[in-house]
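Analysis of the macromolecular model
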Amino acid sequence: MSEPVIEVRDLTIGYDNRVIMQHLDFSVSRGEVFCIMGGSGCGKSTLMKHMIGLFRPMAGDIRLFGESIVSAPEEDKRRLMKRFGVTYQGGALFGSMTVAENVMLPLAEYTDLTESEQREVAEAKLKQVDLAGYGDYMPAELSGGMRKRAGMARALALDPELLFCDEPSAGLDPITSAGLDRLILRMREESGVTIVVVTHDLDSAFTIGEHVIMLDKEAKTIVAEGAPAELRDSSSNIWVREFLSRDGLKH
Amino acid sequence: MEDLVANWAQNTHKRFHRMVEFLGALCREVVCDLRNWRRFRWRDMLYYLALCGQKSVSIVLLICFLMGMVLALQAALQMRKFGTELFVADLVGFSILKELGPLMVAMIATGRAGSAFAAEIGTMKVNEEIAALTTMGVSPVRFLVVPKLFAMLIALPLLTVFGDAAGLLGGLFIGSTWLDLPVQAYWSRTMDVLSPMNLVLGLVKSCVFAVLVTFAGCWRGFESEPDAQGVGRSATDAVVMSILLIVVGDMLLTMFFAMFGY
Amino acid sequence: MAKISNFRIGIFVLSALVLLAGMLYYLGLSDCFSRKAAVSTFFPESVQGLAVGAQVKYKGAQVGSVEKIVILPARKIIQVDMSVELDSFRNVDGSALFRDDEDFYRFLQKEIREGLRCRLEYAGITGLRFLDLDYFAASGEMPVKPEFAVKGFLLPSVPSALRDVVKSLNVSLERISRIQFEEISNNLVRNLDDLNKILASEDVRRTISHLSGMAVSMDQTAAVFTRVVTEDRLRVILDDLENSLSELRTLAAVVRNEAEKSDFSGTAASVRQAADAFSGLLREETPEIKAAVDAWIRTLDMFRELADNLNRDPASLIRGAK
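A brief structural summary. (Residues numbered from 1 in each chain as written. Chains lettered and ligands numbered in written order. Predicted model: local features only at pLDDT ≥ 70, side-chain atom pairs only at ≥ 80, totals over all residues. Heavy atoms only, no water.)

Quick look at the overall build of chain C
Where we set the bar: Every helix listed is a DSSP run of H or I at least four residues long, and every strand listed is a run of E at least two residues long, numbered separately from the N terminus. Note on definitions: a residue-residue contact is assigned when non-hydrogen atoms from the two residues lie within 4.5 Å.
Across its full length, chain C holds 9 helices and 7 strands. Considering only residue pairs separated by 6 or more positions, chain C has 61% of its internal contacts joining residues 24 or more positions apart.

Quick look at the structure:
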C-alpha cells in the first residue's frame, strides 16, 4: 500500500455544540479514488469541508500530505491548499467572470504566468474536461453538467496532487453523470491524482470508487469501509448491504 | 431562561468576534492591495463604480433636488413670519452641504448597493463560491470586498457632489418662485454664507459613509444563512445595519467637526 | 456580470469632478486668487455676534471678511483682524484703484483724517454682526494712537450705535433708580389719609354747611336787591349822584379859595390834637372798633362779590339772581 495522502484520526465534527460525526478514523492512499458515502444529511459534505480546511473540527486531526491542516498556520494552510483542488456541487463558478477567467483565477493567484499564458493553460484545462471553445461563455450560459466540468477544470488548473469532488453527479441525468464519472477516471489515469468523491450515487460509487467509507447518521460514525462490491456482498452491517445492494444489484 | 441568556451572550460574543476579525481582514487586504496594486481587481471596481455611482446619478439628482425644495419650503413657511426669507438660502445651503447631501446619498447607496452587496455575497455563499475562493487560497475579502470598498469610496463623494448641487438648485428654485427672491440675490447669499470647507467636510462624511455601507453590506452577506431566505434576511439586515451605522457615524462626525469649529 | 460602459463611467467621474471644481471655486476658492490687505482694529466694547468670516463692509458694500478675533485681557480690548479685497475698490474707468497693500494703507491713512472709522453693526435680527467702515468722526479729528505696537494697518474704531443707546439708557436707568419711589408713595398715602381725616372732621362739615347757608342768604339778598333797585330808581340815584358831584366840585373850589387865604399852622396843630384824641379813642375802644371794622370788611366783601356777580351777569340787576 502506498503512502497515505490523507490521514483522519479520531475526528469529531459538528456545528456549534452539535456533534454530527465522531471517532472517524481513515486514510486515503495516493492515486486512489476514495468515496465517502452515506444517506442524505449524514454529514458527507461537512466531513469533506473539514478535510479541505474550511471548518475546524471539534476534536481529532486531519493530515494532508503528512501535515496537519487543523493546526497549520494561515501561511502553511495556504501552501497546502495550493496542492489540492476542489469541485463543488453546483460548480461554484464566479458569475461575474467568464469560464476561462474562472479557470485562470488560481493561476493568477499562484503563478507568475502572463495573462496570455494563463489563457493558454485555461484553454487546455477546458479541453481536458471537454469544454473546448467555451472559455468566453459566462457561467450562467452553461448547463449544470458543463458547470461542474468547468469547476473541475478550475480545480485542476494548478495540477493538484489531490482532488476533492463534492457530489459530482448530483442533479444530473444518468448519461451526463456517467460522462463525469468517465472524466474522473481519465483524470486519475492521465495525471495520477488522488481523488476523494463525496456521493450518494451508487452508480458513481461502483464505477469509480476503489475504497469507500459509509457514514451513518444514527451511529454518527463510519459503519463500513472497503471496496464497494465487497461491502455490498459481505458487510456485517445489514443497513450497508441494503443501501449498496438496492442499486448495486445491477452490477 | 439562564440557558437562553447564556446562549445569546455566547452568540453575540462570537458574532462580535467574527465582525472584528472581518474588519481586521478588510484593513489588511486594503493595505495589501495598496502595496501591490497590480493584484487589485480593477474591472470589478469599475463594475461597482458603474452600479453604485453612474447608475445612481439620476435618482440622486431627483431626490436631492426635491429635498432642497422641501427644505426651502419648510424654512420659508417659518421665516416668512419674520420677513427673513433670504435666510432660506443659508438654511438650505448649510443643511444640504453639511448634512442632507451626504446623508441622502448614503441612504440611496444603502438601498442600491448595501443590499446588493449583502445579497450578492450571500448568494455566493449559498453557491459555495466563497468556499471555492477560500480553498483556492484567495481571500474572499480581497476578492469581493476591497473592489466594492474602493468603488464606493469613489462613487459616494462624486454622487454627493451631484446631490449637493441638485439640493442647492432645489432651494434656489423655491426661493425664486415661491418666495419671489431674485435668483442672483439667492445665489449670492448661498455663495456668501457657504465655504469650501462645508463642501469638503460633507465629502469627508460621504467617504466615511461609503466605508460603513460597504462594511455593513458585505459583513451581512458573509454572515448570511446558506439558503434563499437567509440571503433575503441578510439583505434586509444590511440595510438596517447600514442606516444605523450611517446615523451614528454622522452624529460622531458632526460632533468631531464641531470640536474644531465646523 | 452585467456589461458596463467605460465611457459612461468616465463621463460620470469627469462631470462630478468638474462640478466639484466649480462648486469649490464659487464657494470661496476664488478668494485664494484675489489680492487682499490685512487691517486690524480694536474694540473696548463687547463684540458679541461677531465671528470669524463675518462681513467687512465699506459704506455698506462688502469688501472683505473677519479673519481673526483675539482677546487682549491686559488692556480689556478685543483685537479684530480682517482682510480687505483690494479689487473691490475701482477707479471710475473700472481699473484697479490700488496697486498693492501700501497703496491701500495710504488711502486709509488719508480717509482716517476725513473721519473713516470702523464700527460694529448688527446684520438684521439674528444678532450676527459685521464691521462697517464708514465716516463717523468729524473731519480732521485724529484718533489717539495706542501705546502698543500693532501688526498690520490699524484702523481706529468708534463705539457702535447700540453702545451709545445702551450707555444713555444706563444713565437714565441709574437716575431713575435713585428716585425713592417707596418713600414718595408712603408720603402720598399719608397725605391722602390726612386729607381724608380733615374732610371728615366736624369743623369742615360745619364750614361747608355755613357756606351753603351763606349762599342761600346771598341768593335771598340778591333777590331783594333786584326787587328794590329798579331801573327808574337807579336813574334817579345816578342823577342825584351827578348833582351831588357838581355841588362837591363847587364846594371844593370854595374851600380852595378859603384855604389859600387861611393860616395852616394853627389848623395843623388842631388836626394833630384831633388825631391824638382819635388815637386815644382807638386805644380805649379797640374791641368795639375792631368789631365794627370786621363788619365793615364783611360788608365790603359781600359788595365785592355782588359787584363781581353784576359784572358777570349785569342783567341780574334787573331780573334778579338765577
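Some details on the interface of chain B and chain C
Applicable threshold: Throughout, buried area stands for the accessible area (probe radius 1.4 Å) lost by two parts on being put together, summed over both. Salt bridges are defined by distance alone: a side-chain nitrogen of Lys or Arg within 4 Å of a carboxyl oxygen of Asp or Glu. We define a polar contact as two N or O atoms separated by no more than 3.5 Å, with the added condition that, inside protein, one atom must be a possible hydrogen donor and the other a possible acceptor, whereas residues neighbouring each other in sequence contribute only through side-chain atom pairs.
Facing 28 residues of chain B, the contacting portion of chain C comprises 23 residues. The three residues of chain B that bury the most area against chain C are Y47, Q54 and L158 of chain B, which together make up 25% of that side's buried surface. Linking chain B with chain C are 0 salt bridges, by the criterion used here. Connecting chain B to chain C are 0 residue pairs in polar contact (both at pLDDT 80 or more).

Topic: the sheet that holds strand β6 (residues 84-87) of chain A
All names here are of chain A. Put simply, the rule reads: At least two bridges found by DSSP between two strands are what make those strands a pair. Lines fitted to the C-alpha atoms define the axes, with helices restricted to the stretch that makes contact. Angles between their N-to-C directions range from 0 to 180 degrees.
One open sheet accounts for 6 strands, arranged β6-β7-β8-β3-β9-β10; its pairing is mixed. Looking at strand neighbours, the two that pair on one side only are β6 and β10 (221-226), the edges of this open sheet. Adjacent strand axes in the sheet meet at a mean angle of 15° when their direction is disregarded. In this structure, strand β7 (residues 162-166) lies alongside strand β8 (residues 194-198), joined through 5 bridges in parallel fashion. In the sheet register, D166 faces β8, and the bridge partner there is V198. Taken strand by strand, helix α5 (residues 144-155) contacts β6 and β7, and its axis lies near 170° from that of β6.

Re the pattern of salt bridges
How we decide: A simple rule labels every residue: compare its accessible area, found with a 1.4 Å probe on the protein chains alone, to the largest value its type can have, and call it buried under 20%, exposed over 50%, or partly exposed in between.
For the structure on display, the rule yields 34 salt bridges over all chains. In this structure, E29 of chain B engages R28 of chain B in a salt bridge whose closest nitrogen and oxygen atoms are separated by 3.2 Å. For E29 of chain B, a relative accessible area of 5% translates into the label buried. Residue class for R28 of chain B comes out exposed when judged on its relative accessible area of 51%. A salt bridge links D250 of chain B to K205 of chain B, with the nearest nitrogen and oxygen atoms 2.9 Å apart. In this pair, D250 of chain B is assigned in helix α9 (residues 228-259) and K205 of chain B in helix α8 (residues 196-222), connecting sequence segments 45 residues apart. The same class applies to D250 of chain B as to K205 of chain B, namely buried. Three or more residues are tied together by salt bridges with common partners; here these are E7, R9 and D25 of chain A.

Looking at the packing of aromatic side chains
What counts is decided by this rule: A pair of aromatic rings is counted whenever rings of Phe, Tyr or Trp (Trp by its six-membered ring) have centres within 6.5 Å, and the orientation is called stacked for planes under 30 degrees apart, edge-to-face for over 60 and tilted otherwise.
Using the criterion set out here, one finds 28 aromatic pairs over all chains in the structure. On the numbers, 5.5 Å between centres and 85° between planes, the contact of F84 of chain A with F164 of chain A is edge-to-face. Linking F84 of chain A in strand β6 with F164 of chain A in strand β7, this pair joins segments that are 80 residues apart in sequence. For the pair shown, F84 of chain A and F164 of chain A are each scored as buried. Within the aromatic cluster, the residues linked to one another by ring pairs are Y58, F89, F98, F104, Y105, F107, Y135 and F153 of chain C.

A word on empty space enclosed by the protein
Stated precisely, the cut-off is as follows: For cavity detection a 1 Å grid was placed over the protein atoms alone, and a set of points counts as a cavity when a 1.4 Å probe fits there but cannot get out; an open set counts as a pocket when protein lies on both sides within 12 Å along at least five of seven lines, with lining residues being those that have an atom within 4 Å of a point. Grid points are joined across faces, edges and corners, and a volume is the space filled by probe spheres set on the points.
The full count for this structure, using the stated rule, is 1 cavity of 30 Å³ or more. Counted as a void, the largest cavity has a volume near 160 Å³. In terms of lining residues, the largest cavity is bounded by 16 residues, among which F84, G85, R154 and A155 of chain A together with M136 of chain B are the most central. Elements with a contribution of two residues or more to the lining of the largest cavity: β6, α3 (99-110) and α5 of chain A together with α5 (129-135) of chain B.

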